[in-house]
2 protein chains.
Amino acid sequence: MIEILLVGDELLSGSTLDKNAGHVAGALYEAGLTVSRITMVGDEQEDIERALHVPLDTTRFVIVTGGLGPTEDDRTACAAASAFDRKLLVHPEALALMEARFRELQRAMNPANRKQAVLPEDSIIIPNPVGTACGFIVTSRQREFLFLPGVPEEVRAITKSFIVEHIKEKAGSKQIILNKTLKVFGIFESMIQEKLTGVLPPKRTVALGFYPQYPEISLKITARGTERSRVEQDMQQFQDVLYEHLGDYIYSENNERLEEVVGDVLTTRQATLAVAESCTGGLVSHHLTNVSGSSRYLERSFVVYSNESKAQHLEVPPDCIEQHGAVSEPVARHMAEGVRRVSRTTFGLAVTGIAGPTGGSPNKPVGTVYIGVASKDRTEVKKHQFHGTRERIKMMSAHMALNSLRRFVLEG
Amino acid sequence: MIEILLVGDELLSGSTLDKNAGHVAGALYEAGLTVSRITMVGDEQEDIERALHVPLDTTRFVIVTGGLGPTEDDRTACAAASAFDRKLLVHPEALALMEARFRELQRAMNPANRKQAVLPEDSIIIPNPVGTACGFIVTSRQREFLFLPGVPEEVRAITKSFIVEHIKEKAGSKQIILNKTLKVFGIFESMIQEKLTGVLPPKRTVALGFYPQYPEISLKITARGTERSRVEQDMQQFQDVLYEHLGDYIYSENNERLEEVVGDVLTTRQATLAVAESCTGGLVSHHLTNVSGSSRYLERSFVVYSNESKAQHLEVPPDCIEQHGAVSEPVARHMAEGVRRVSRTTFGLAVTGIAGPTGGSPNKPVGTVYIGVASKDRTEVKKHQFHGTRERIKMMSAHMALNSLRRFVLEG
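Residues numbered from 1 in each chain as written. Chains lettered and ligands numbered in written order. Predicted model: local features only at pLDDT ≥ 70, side-chain atom pairs only at ≥ 80, totals over all residues. Heavy atoms only, no water.

Novice: What should I look at first to understand the overall build of chain A in this one?
Specialist: Helices and strands together make up the secondary structure of chain A, namely 15 helices and 17 strands. Relative to a compact globule of 412 residues, whose C-alpha radius of gyration would be 22 Å, chain A shows 28 Å and is clearly more extended. In terms of its C-alpha atoms, chain A occupies a principal-axis envelope of roughly 85 × 50 × 40 Å. Going through the 412 residues of chain A one by one, you find that 58% of them count as buried. (Helix = DSSP H or I, 4+ residues; strand = E, 2+ residues; numbered from the N terminus. Rg over C-alpha atoms; globule rule 2.2 N^0.38 Å. Buried < 20%, exposed > 50% of the residue type's maximum accessible area, 1.4 Å probe, protein only.)

Novice: Can you walk me through the layout of surface pockets in this structure?
Specialist: Here the idea is plain: a probe the size of a water molecule rolls over the atoms and shows the empty space left. Within this model, the second largest pocket holds a volume of roughly 680 Å³. Around the second largest pocket sit 33 residues that line it, and Leu12, Gly42 and Asp47 of chain A together with Val35 and Ser36 of chain B are the ones nearest its centre. Put simply, the parts of the chain that give the lining of the second largest pocket at least two residues each are helix H1 (9-12), strand E2 (35-41) and helix H3 (45-53) of chain A together with helix H2 (20-30), strand E2 (35-41), strand E10 (206-213) and strand E11 (216-225) of chain B. Of all the elements, E10 of chain B adds the most residues to the lining of the second largest pocket, at 5 residues. For the lining of the second largest pocket, the per-class residue count stands at 16 nonpolar, 8 polar and 9 charged. (1 Å grid on protein atoms, 1.4 Å probe; cavity = no way out; pocket = protein on both sides within 12 Å on 5 of 7 lines; lining within 4 Å. Points joined across faces, edges and corners; volume = space filled by probe spheres on them. Nonpolar A, V, L, I, M, F, W, Y, C, P; charged D, E, K, R; others polar.)

Novice: So what exactly am I meant to see when it comes to the nonpolar core here?
Specialist: Generally speaking, soluble globular proteins have nonpolar side chains that are buried together. Ranked by internal contacts, the top residues of the largest apolar core, which has 53 residues, are Leu28, Ile63 and Ile163 of chain A together with Leu28, Ile63 and Ile163 of chain B. Those residues in contact with isoleucine 63 of chain B that lie beyond four places of it in its chain are Ile2, Glu3, Ile4, Leu5, Val24, Leu28, Leu146, Leu148, Ile163 and Ile167 of chain B. (Core = buried A, V, L, I, M, F, W, Y, C linked by side-chain atoms within 4.5 Å. Contact = heavy atoms within 4.5 Å.)

Novice: In this structure, what is going on with a negative patch on the surface? I would like to understand it.
Specialist: Where like charges cluster on the molecular surface, the negative patch consists of Asp9, Glu10, Glu44, Glu46, Glu72 and Asp73 of chain A. By secondary structure assignment, the location of glutamate 10 of chain A is in helix H1. (Patch = residues over 30% accessible without salt bridge, like charges linked within 9 Å, V, L, I, M, F, W, Y side chains within 5 Å. Areas by Shrake-Rupley, 256 points an atom, 1.4 Å probe, with all protein chains shown as cover. Salt bridge = Lys/Arg side-chain N within 4 Å of Asp/Glu carboxyl O. Lys, Arg positive; Asp, Glu negative; His and termini not counted. Charge placed at Lys NZ, Arg CZ, Asp CG, Glu CD.)

Novice: Mind showing me how you'd approach the interface of chain B and chain A here?
Specialist: Often the size quoted for an interface is simply the accessible area lost on bringing the parts together. Each partner contributes to the interface: chain B provides 69 residues, whereas chain A provides 65 residues. At the boundary of chain B with chain A, total buried surface from both sides reaches about 5,600 Å², with 53% on carbon and sulfur atoms. Where chain B meets chain A, there are 5 salt bridges. Here arginine 257 of chain A and glutamate 391 of chain B are joined by a salt bridge, their closest N and O atoms 3.7 Å apart. Across the contact surface, chain B and chain A share 32 residue pairs in polar contact (both at pLDDT 80 or more). (Buried area = accessible area lost by both parts, 1.4 Å probe. Polar contact = N/O pair within 3.5 Å; in protein donor to acceptor, adjacent residues only side chain to side chain.)

Novice: Help me out: how do you make sense of the confidence of the model for chain A in this one?
Specialist: Regions with low pLDDT should not have their predicted coordinates read in detail. Looking at chain A as a whole, the pLDDT averages 92, with 100% of positions reaching at least 70. What the predictor reports for the complex is a pTM of 0.78 with an ipTM of 0.77. (pLDDT = per-residue confidence, 0-100.)

Novice: Looking at this model, I keep getting lost on the sheet that holds strand E12 (residues 250-252) of chain A. Mind explaining?
Specialist: Strand pairing in a sheet is mediated by backbone hydrogen bonds. Such pairs are either parallel or antiparallel. All names here are of chain A. If you trace the 4 strands from one edge of the open sheet to the other, you get E10-E11-E9-E12, paired in antiparallel fashion. Looking along the sheet, the strands with just one partner apiece sit at the ends: strand E10 (206-213) and E12. With strand direction ignored, the average angle separating the axes of adjacent strands in the sheet is 35°. By the bridge criterion, 10 bridges tie strand E9 (residues 176-185) to strand E11 (residues 216-225) in an arrangement that is antiparallel. Its bridge partner lying in E11, asparagine 179 is registered against threonine 222. The sheet strands contacting helix H8 (residues 189-196) are E9, E10 and E11, and the helix crosses E10 at an angle near 160°. Those strands touched by helix H15 (residues 390-411) are E9, E11 and E12, and its axis lies near 100° from that of E9. (Pairing = 2+ DSSP bridges. Axes fitted to C-alpha atoms, helices over the stretch in contact; angles between N-to-C directions.)

Novice: How do you make sense of the sheet that holds strand E7 (residues 135-140) of chain B when you look at a structure like this?
Specialist: Spatially, 12 strands are ordered E6(A)-E7(A)-E8(A)-E3(A)-E1(A)-E2(A)-E2(B)-E1(B)-E3(B)-E8(B)-E7(B)-E6(B) in an open sheet, and the strand pairing comes out mixed. In the strand order of this sheet, the two ends are held by strand E6 (124-126) of chain A together with strand E6 (124-126) of chain B, each with one partner. Going across the sheet, the axis of each strand differs from the next one's by a mean of 20°, ignoring polarity. Pairing of strand E1 (residues 2-7) of chain B with strand E3 (residues 61-65) of chain B, which is carried by 5 bridges, proceeds in the parallel orientation. Across the sheet, residue glutamate 3 of chain B finds its bridge partner in E3 of chain B, namely valine 62 of chain B.

Novice: Help me understand the side chain of arginine 406 of chain B, please; the structure alone is not making it clear to me.
Specialist: All names here are of chain B. Locating arginine 406 in the fold gives a position in helix H15 (residues 390-411). Within the buried core, arginine 406 has no salt-bridge partner, and the shortest N-O distance to an opposite charge, that of aspartate 248, equals 8.4 Å. A distance of 3.0 Å separates polar atoms of two side chains, one belonging to arginine 406 and the other to asparagine 403.

Novice: Before we go on, may I ask you to explain the domain arrangement of chain A in this structure?
Specialist: Considered domain by domain, chain A is made up of domain 1 (2-171), domain 2 (176-252) and domain 3 (258-411). Computed over C-alpha atoms, the centres of domain 1 of chain A and domain 3 of chain A are 51 Å apart. (Domains from an automatic or database assignment.)

Novice: Just to check I follow, could you spell out the pairing of strand E14 (residues 298-303) of chain B for this structure?
Specialist: When you tally the buried positions in E14 of chain B, you get 6 out of 6 residues, the bulk of the element. With 3 bridges connecting them, strand E14 (residues 298-303) of chain A and E14 of chain B associate as antiparallel partners. Opposite phenylalanine 302 of chain A, over in E14 of chain B, you have phenylalanine 302 of chain B as the bridge partner. As paired strands, strand E13 (residues 273-277) of chain B and E14 of chain B are joined by 5 bridges and run parallel to one another.

Novice: Where do I start with empty space enclosed by the protein in this structure?
Specialist: In the structure shown here, the tally under the stated rule is 5 cavities of 30 Å³ or more. In this structure, the largest cavity spans a volume of roughly 130 Å³. Residue classes in the lining of the largest cavity are distributed as 9 nonpolar, 4 polar and 2 charged.

Novice: In this structure, what is going on with the environment of glycine 325 of chain A? I would like to understand it.
Specialist: Mapped onto the fold, glycine 325 of chain A is located in the loop between helix H13 (318-324) and helix H14 (329-343). Spatially, the C-alpha atom of glycine 325 of chain A lies 9.6 Å from that of asparagine 307 of chain A, the residues being 18 residues apart in sequence.

Novice: Would you mind going over the side chain of histidine 313 of chain A with me for this structure?
Specialist: Relative to the helices and strands, histidine 313 of chain A is located in helix H12 (residues 307-314). Residue classification places histidine 313 of chain A among the buried residues on the basis of a relative accessible area of 7%. A distance of 2.8 Å separates polar atoms of two side chains, one belonging to histidine 313 of chain A and the other to arginine 300 of chain B. With sequence-adjacent residues up to four places away left out, histidine 313 of chain A is seen in contact with Phe302 and Val342 of chain A together with Arg300, Phe302, His313 and Val342 of chain B.

Novice: Sorry, what's going on with H15 of chain A here?
Specialist: Owing to its 3.6 residues per turn, the α-helix brings residues three or four apart onto one side. Residue and element names in this part refer to chain A. Taking 1.5 Å of rise per residue, 22 residues should cover 32 Å, and H15 covers 31 Å from first to last C-alpha, within 8% of that figure. Of all 22 residues in H15, 16 are buried; the element is thus mostly enclosed. Positioned one or two residues after H15, glycine 412 has a phi angle of 65°, which is positive. (Expected span 1.5 Å × (residues − 1).)

Novice: Could you clarify how one ought to interpret the environment of aspartate 47 of chain A in this entry?
Specialist: For aspartate 47 of chain A, the position within the fold is in helix H3. Discounting residues that sit within four places of it in the chain, aspartate 47 of chain A has contacts with Val41 and Gly42 of chain A.

Novice: Please explain the packing of aromatic side chains as it appears in this structure.
Specialist: Each pair of aromatic rings is reported with the distance of its centres and the angle of its planes. Under the counting rule described, the total for this entry stands at 7 aromatic pairs over all chains. With centroids separated by 4.5 Å and ring planes inclined at 45°, the aromatic side chains of phenylalanine 84 of chain A and phenylalanine 145 of chain A adopt a geometry described as tilted. Highlighted residues: phenylalanine 84 of chain A in the loop between helix H4 (76-83) and strand E4 (88-90) and phenylalanine 145 of chain A in strand E8 (residues 143-148), separated in sequence by 61 residues. Judged by relative accessible area, which is 10%, phenylalanine 84 of chain A ranks as buried. With centroids separated by 4.7 Å and ring planes inclined at 15°, the aromatic side chains of phenylalanine 136 of chain B and phenylalanine 147 of chain B adopt a geometry described as stacked. In this pair, phenylalanine 136 of chain B sits in strand E7 while phenylalanine 147 of chain B sits in strand E8 (residues 143-148), placing the two residues 11 residues apart along the sequence. You'll find phenylalanine 136 of chain B and phenylalanine 147 of chain B in the same group, each marked buried. The ring of tyrosine 214 of chain A carries arginine 392 of chain A above its face, with NZ or CZ at 3.8 Å from the centroid. (Phe/Tyr/Trp six-rings, centres within 6.5 Å; stacked < 30°, edge-to-face > 60°. Lys NZ or Arg CZ within 6 Å of the ring centre and 35° of its normal.)

And the structure:
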């Protein structure tokens, strides 16, 4: 029903990563409105015109961003006039709004800016709450083309202030839409699919989306309908099935990051944490400290790359390292217990492994990682075998460490 | 001549920000190849089919990413078979490659994975250097459709290993294209623009691209022509002008990451490093340890969130913290000197600051960060004021710390 068209050479040369399409699409999606295609074309008038001519049959709204600036290579208004066979005229309302905005900013308006008020005949103005140039709507053959400037900040503001409500109202949507995102870690996408094959209730009004963001996967349930109680019931039914089959891997149903969940779990117990990292090199601590307020539970961390530092700060016996190697079960155990003891925290978390690409051996290949968690009463160490680049092994190890801690704390 | 088609509901619902299109387009652009349209459609087979049917008249290559996964909602191969009227068959070469890859990873291949080897008849395989599933080419009416998996890491790898060279060769391009990327840190994009206005030689055969990747900016020079000596001369001329006006901010001309440059600088001097982080929470160490071989110079790091840990491990005098506050010039100095002394390294690097969003005060607002670097003979501490979210302040602080270290070491 809705399409998005982005105009700009910079998108096609890869010099700018577009954020507008995702933002507009996301805002519409949350309001229950579906975008069916996103197209990016260059600044040539011919390209823009052609793109304006080929909406899908079902499209009723086309949101166009970019090419409305003051410079010569901004040709969207021209292309629109030509595509819809309209005259280009100074739009008095647009001009008045621009002049007022320039006065407000105490900036002089130059002739190049005046061009931004020259629009296809019969355009309807879309006010711009944050920039100097207006957007505008041209209606042609039952379709509305909504033209916006390309500046991301302005696109965001206009989407919020105008686009979503306007389309919702025009589309006469009475649908109730509920979204819920379950976050999953520790299982491959293909294994999730296998586990869910044949068990999900066949409902056309409920959709399940997979959104992998390595190494996490988000499962988004979207339920829609006209009767709230029914939509809620559908949502609950889907969620129950997912918990039944994937419960062990679900760590959040509020779209939180793993480190936020860990933070909540520690805060609830008024617990504190100290971390000893080898192969993750600070990444576990970086994740933990991305959460505002993490200083309440994270007491300190050590990146103990050298064997000497493992002994000096974490009291890992040097002969244990010599006997078993720095990447081993006993060393991970000593690190977790040592970091907890030295830091006098409730929990100690330790990671030691081989991130690669060098440093592996037949017995301990690249990706061998030991993760240890210790409390006053018990210590748990697990061996993992990860794969991929150095960066991936670090990411996977850091996530697994956070998840191991979460489970350890929950198991009490 | 080239189009890109992206498949995935997650793009249309705004839940994933696409990076593939920009990456592929950028790589092609650098090779002198032009992308004329980028289209994104959903996972429905019908949508994909329709998109495969409507390339522009001039299009000779369509690069399609996404929808090749093992799950049921991956329907690109099916759509391709239907759009081009081909049978879907198990492709023996694709299957053999997948089986070999799974053996290599010591993972079991399940039936869902087998589906990834079922391709339109007469497809030509595109090897995937980093993932389990192959890409493939279908030729129809003089046009090549090149299908790739949607995982960004895999798209990058295949673009580099196959796509660019393949299209360049098929398109019979005789142009000589040279690229050079200067990496810049510590200056805003708008300031770069200002410094360069009117100073660059007006050459149509040389293009300068800005690629901001917060907090770094890449300046990419692309020079093209048919005569190598002329192209090299143009490149050199541009580079000289950039060094003249931005030399202080350029830290690499080999497209290295800042932490790689730091690693080189330390390795050359056979120097070692210890790090003490407060507000960056492990991010400096994470960056440093992303470089393979960093264990040669990074001895250890501390994330000293608590005042007690600053005193206990870095020998920061408690009364210094009490008198000046943990975020202060004297504490940064003590941290840098202390971490170096305790770890017996050539250099000590320390960061202490307020990452926010809470913890600021009128005297020390959020974003106040002190960075200290110490050697045996001297210590340098600088105060910085950064802005933005917690994450941005952490990123900016970590980069500034690495850059301060780099300059300190180079100054000798």
